[in-house]
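Chain by chain, the residues:
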Amino acid sequence: GGRRPRSLAARRELLRIAATRAMFLIHRGKTSEALATSEDALLSVRTPGGRAVRTQLGAEIASLLNYRAIAHLYSGDTDRALESWAEARDAYGRAGHAGGEAGVLNNIGKFRMDRGELREARSMLRQALARRRQLSDTDGVADTLNNLGIVEFMSGRLARSRRLLQLGLRLRRRAGDPFGEMLATANLAELDLLAGHYGAAESGLERALRFMQDAGHARLRRSMANALAAVWLAMGRTARAERSLKPLLDEALSSRDRVQEGITRMHLGEAALDRYRAARRRRQLSRAREQFGEAYQIFESLPNRYLSGMAVLRLIQAKQLAPEQGWGADSEGISIDRLGELARDAGSHSLEAWHALLAGTEILQARDKLERALALFDHSLSIARRCGLRELAWQAHLGSARAWRHMGRPRRAHNHLEEALSILTELQRELPTSRLRKAYLDSGDRMAVREEIESLARAAGVFPPA
């Protein structure tokens, strides 16, 4: 409302103030207000002055378009987000603002990452990183390194992910950027979770969560609280995780944060599976499958190929605990083949490895085409070794051992069992016994041959419950 500023200097100042306000509102989770702020300010340069004014104010317009794109993205309007980024990139290009253009490339890469399109995300982020390094933009380099680290984490390349995240963290600390430092700390903590270093994961996420609470960043606070609940689930603190997750789900629903709603449902499903493993009550298994099914529907609607794949994986694993129950009402289209499609679409090595393991296991159970099953187990094992996915590697060795046994090659079977035992013993030293019990129970219920698992579990000091 009110009169629109007419001088160039006044318009430039208006755009700068609007961009700052839009950024603040986005951080507070008020995306509709951020959109209104950006639209109103952009209108001021679409009237008197026309193209000449827009050229002179190119960098300021591009900055506001960038924030408008982020607001559209958080509102769920991905098409308009991409349109705004394309406009922002053109505006930065016309203004000769290489740093702004690199920032847009970084944001598009992050958008692709959020959709689980990891190959495309990696390509955009590498372009952004190269440009930011050419400009000696330390803050920008740190931001892009963090995003690349997340992409490699989702791809299953854990060692590469850690190198990128640690490099970004060092740059953040050197620059005195506490916000960026906490983001990198949280991402490294999630890597620690996957590696089984629960103390480090819990400590890092608690620090990052306190920081985001004090900063009033609602969206990141929810994300970090969810990750912390995942740590507690891995540590066997199911009740504590559930107490944290239930209000998080309510908050995600009220704020229409679909990504965090889906992730929270995934963790609530994990908690229900833990309770099923402990007491074998079918109600808990049904609850787990219901949560995984709802999460899958959310991730499909976003869409996010990587998270859809994770939901499919959890649904398959839950079904294998009690095959007689079928898939359930919310699981239409779920299959091992669907997991393979999503792994390919996402470009995720970890999902690809899980798909190969499950496909090989399915063939093995039918006692048909054992050479094909062996090839799939070898493929899964190759990825698991390359990416450091040890909990998947021992199961791939076990699958190979069973295939060789059915083919009448006991020596080959024995070699794979020895490898599986070696990995299990390693994990026994590093991971809580409860987590190995989970792996034992799930594998024992999934596969026909139990003697090898029992032998391995006993040798590693892990026994099935009475």
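Just so it is clear, the structure is predicted and the values come from calculations on it, not from any experiment. (Residues numbered from 1 in each chain as written. Predicted model: local features only at pLDDT ≥ 70, side-chain atom pairs only at ≥ 80, totals over all residues. Heavy atoms only, no water.)

**Some remarks on the overall build of the chain**
A count of helices and strands for the chain gives 23 helices and 0 strands. Counting over 466 residues, the chain shows a buried share of 54%. Taking as baseline every contact in the chain between residues at least 6 positions apart, the subset at least 24 positions apart corresponds to 62%. (Helix = DSSP H or I, 4+ residues; strand = E, 2+ residues; numbered from the N terminus. Buried < 20%, exposed > 50% of the residue type's maximum accessible area, 1.4 Å probe, protein only. Contact = heavy atoms within 4.5 Å.)

**Let's talk about helix 9 (residues 158-175)**
The α-helix advances 3.6 residues per turn, and as a result positions three or four apart in sequence lie on the same side. Counted at 1.5 Å a residue, the expected span for helix 9 with its 18 residues is 26 Å, and the 26 Å between its end C-alpha atoms agrees. If you check which residues of helix 9 are buried, you get Leu158, Ser161, Leu164, Leu165, Gly168, Leu169, Leu171 and Arg172. Projected onto a plane normal to the axis of helix 9, the buried residues spread over an arc of 165° and lie on a single side. Residues of helix 9 that are exposed and point over 90 degrees away from its buried face: Ala159, Arg163 and Arg174. Buried residues belonging to helix 9 abut helix 8 (138-155), helix 10 (178-195) and helix 19 (370-387). (Expected span 1.5 Å × (residues − 1). Arc of directions from axis to C-beta.)

**Concerning a positive patch on the surface**
On the surface, a cluster of positive charge is made up of Lys246, Arg281, Arg283 and Arg287. With respect to the helices and strands, Arg283 occurs in helix 15 (residues 282-301). (Patch = residues over 30% accessible without salt bridge, like charges linked within 9 Å, V, L, I, M, F, W, Y side chains within 5 Å. Areas by Shrake-Rupley, 256 points an atom, 1.4 Å probe, with all protein chains shown as cover. Salt bridge = Lys/Arg side-chain N within 4 Å of Asp/Glu carboxyl O. Lys, Arg positive; Asp, Glu negative; His and termini not counted. Charge placed at Lys NZ, Arg CZ, Asp CG, Glu CD.)

**Here we look at the side chain of Asn187**
In this fold, Asn187 is placed in helix 10. At 2.9 Å, the side chain of Asn187 and the side chain of Asn146 are in polar contact. (Polar contact = N/O pair within 3.5 Å; in protein donor to acceptor, adjacent residues only side chain to side chain.)

**Re the pattern of salt bridges**
Taken as a whole and assessed by the stated rule, the structure comprises 31 salt bridges. Of the charged contacts in the structure, one is a salt bridge between Arg132 and Asp143, with a shortest N-O distance of 3.7 Å. You can see Arg132 sitting in helix 7 (residues 118-134) and its partner Asp143 sitting in helix 8, a full 11 residues away along the chain. Take Asp143: its relative accessible area is 24%, and that puts it in the partly exposed class. Arg172 is paired through a salt bridge with Asp143; the nearest N and O atoms lie 3.7 Å apart. Residue Arg172 is found in helix 9, and its partner Asp143 is found in helix 8; the two are separated by 29 residues along the sequence.

**Structural notes on the packing of aromatic side chains**
A full pass over the atoms with the stated rule returns 2 aromatic pairs. Taking the centre distance of 6.3 Å and the plane angle of 55° together, the rings of Phe179 and Phe211 count as tilted. Linking Phe179 in helix 10 with Phe211 in helix 11 (residues 198-215), this pair joins segments that are 32 residues apart in sequence. Classification of Phe211 by relative accessible area gives partly exposed; the value is 25%. Over the aromatic face of Trp404 sits the side chain of Arg412, whose NZ or CZ is 4.6 Å from the ring centroid. (Phe/Tyr/Trp six-rings, centres within 6.5 Å; stacked < 30°, edge-to-face > 60°. Lys NZ or Arg CZ within 6 Å of the ring centre and 35° of its normal.)

**Thoughts on the environment of Glu391**
For Glu391, the position within the fold is in helix 20 (residues 390-406). C-alpha separation for the pair Glu391 and Ala420, spaced 29 residues apart in sequence, amounts to 9.7 Å.

**A look at helix 15**
Spanning 20 residues, helix 15 covers 29 Å between terminal C-alpha atoms, matching the ideal 28 Å at 1.5 Å per step. Residues Gln284, Leu285, Ala288, Arg289, Gln291, Phe292, Gly293, Ala295, Tyr296, Ile298 and Phe299 constitute the buried set of helix 15. Of the surrounding elements, those touching the buried residues of helix 15 are helix 14 (258-279), helix 16 (305-321) and helix 17 (336-346).

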